[in-house]
Number of protein chains: 2
Amino acid sequence: MVQQEVLDRTFAALADPTRRQILVRLGQGPATIGELAEPFDMSLTGMKKHVHVLENAGLVTTEKVGRSRRCRLGAERLEDAMSWIRFYQRLWERRLDGLDAYFTLKKEDD
Amino acid sequence: MVQQEVLDRTFAALADPTRRQILVRLGQGPATIGELAEPFDMSLTGMKKHVHVLENAGLVTTEKVGRSRRCRLGAERLEDAMSWIRFYQRLWERRLDGLDAYFTLKKEDD
DNA sequence: CTCTTGCTGAACCATATGGTTCAGTGTACG
DNA sequence: CGTACACTGAACCATATGGTTCAGCAAGAG
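Attention here is on the structure that accompanies the text. Because the structure is a prediction, the values reported are computed rather than measured. (Residues numbered from 1 in each chain as written. Chains lettered and ligands numbered in written order. Predicted model: local features only at pLDDT ≥ 70, side-chain atom pairs only at ≥ 80, totals over all residues. Heavy atoms only, no water.)

**Concerning the overall build of chain A**
Then comes step 1: Broken down by element type, chain A carries 6 helices and 3 strands.
Then comes step 2: Start at the N end of chain A and walk to the C end: the helices and strands fall as α-α-β-α-α-β-β-α-α.
Then comes step 3: Here chain A holds 110 residues, and the buried ones make up 42% of them.
Then comes step 4: Relative to all contacts within chain A whose residues are 6 or more apart in sequence, the contacts with residues 24 or more apart total 50%.
Then comes step 5: Accessible surface, chain A as shown: approximately 6200 Å² in total, 48% of it carbon and sulfur. (Helix = DSSP H or I, 4+ residues; strand = E, 2+ residues; numbered from the N terminus. Buried < 20%, exposed > 50% of the residue type's maximum accessible area, 1.4 Å probe, protein only. Contact = heavy atoms within 4.5 Å. Areas by Shrake-Rupley, 256 points an atom, 1.4 Å probe, with all protein chains shown as cover.)

**Things to note about unusual backbone geometry**
Then comes step 1: Not every positive phi belongs to a glycine, and Asp41(A) is a case in point at roughly 50°.
Then comes step 2: For Asp41(A), the position within the fold is in the loop between helix H3 (33-37) and helix H4 (44-56).

**Here we look at the sheet that holds strand S3 (residues 68-73) of chain A**
All names here are of chain A.
Then comes step 1: Taken in spatial order, the 3 strands make up an open sheet running S1-S3-S2, and their pairing is antiparallel. Looking at which strands have only one partner, the edges of the open sheet turn out to be strand S1 (31-32) and strand S2 (60-65).
Then comes step 2: Relative to S3, S1 is paired through 2 bridges, and the arrangement is antiparallel. Note that in S3 the partner of Thr32 across the bridge is Arg70. (Pairing = 2+ DSSP bridges.)

**Digging into the protein's contact with DNA strand D**
Then comes step 1: In the vicinity of DNA strand D lie 20 residues, with Gly34(A), Arg69(A), Ser43(B), Lys49(B) and His50(B) positioned nearest.
Then comes step 2: Within 4 Å of the protein, atoms of DNA strand D come from sugar and phosphate in 63% of cases.
Then comes step 3: One nitrogen or oxygen atom from the main chain of Gly34(A) is found 2.9 Å from a phosphate oxygen belonging to DNA strand D.
Then comes step 4: Contact between DNA strand D and Ser43(B): a phosphate oxygen at 2.7 Å from a side-chain N or O atom of the residue.
Then comes step 5: The set of elements that each furnish at least two residues to the surface near DNA strand D consists of H3, H4 and S3 of chain A together with helix H4 (44-56) of chain B.
Then comes step 6: Here the surface near DNA strand D is composed, by residue class, of 3 nonpolar, 9 polar and 8 charged. (Near = heavy atom within 4 Å. Polar contact = N/O pair within 3.5 Å; in protein donor to acceptor, adjacent residues only side chain to side chain. Nonpolar A, V, L, I, M, F, W, Y, C, P; charged D, E, K, R; others polar.)

**Here we look at the sheet that holds strand S3 (residues 68-73) of chain B**
Each strand in a sheet pairs with another by means of backbone hydrogen bonds, the pair being arranged parallel or else antiparallel.
Residue and element names in this part refer to chain B.
Then comes step 1: If you walk across this open sheet you meet the 3 strands as S1-S3-S2, and the pairing is antiparallel. Strand pairing shows two members of the sheet lacking a second neighbour, strand S1 (31-32) and strand S2 (60-65), which therefore form its edges.
Then comes step 2: One ladder, built from 6 bridges, connects S2 with S3; its direction is antiparallel. What sits directly across from Glu63, in S3, is Arg70.
Then comes step 3: Strands S1, S2 and S3 of the sheet are contacted by helix H2 (residues 17-26), whose axis makes an angle of about 90° with S3.
Then comes step 4: Against the sheet, H4 engages S2 and S3, with an angle of about 125° to S2. (Axes fitted to C-alpha atoms, helices over the stretch in contact; angles between N-to-C directions.)

Written out as structure tokens, the structure is:
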């Protein structure tokens, strides 16, 4: 199972609509902080913070090029999020309905 | 595409390790607030807040039964989270590498 | 009816989040 | 060199989050 902190950071990064849009934008190719900030009418500083959160979650990688910073996708971590959800879904699909499941499980203990 | 706010709440709910464990616990059958709180050594009030967040995200449903509250899974929303990740992954998998993708896309515009 | 038990709501607290402004710093360009 | 531009860092602010305690309130047991 994936480290809890990694999942924390990944899901938290995905919980913001601005950051999800940044990911979609980067899906079309790399961009600088300024290019990312422009459509959101947000300060460079604000955008840099979002990018930093995504970078911390491993969803984005960045690199300084001249006086700009090139931001690119680094989406390996989505696999972690996805596989947690899948793991959880198996639990859920296997579940019976409400009370029934509870008593069925108890019965299986006998 | 799913409503942004729904995704916000779903991912935010999943971003907390305690809440993820609650979901796993409920995957084994329904439980009361007290039963959920016990293994975490947390106050009932604290646990109730977590359950409320999960309920708001549509990941859990609850029902008052006598003087306890029965909490059960309501995992439909995980589908939303999953399908967003899948959508995003298609973008990502289709992407070429870094700069190459950028120039390739520009070329296609001609 | 009374007592206990399980949950609830309000109030509070510390820290995190999402944003800003302003004053640098470093690189490109004339 | 000098100026402009893109980003960076520090300081600040409002609101949200994750937790607590304490005082109810409603349901079940005797």
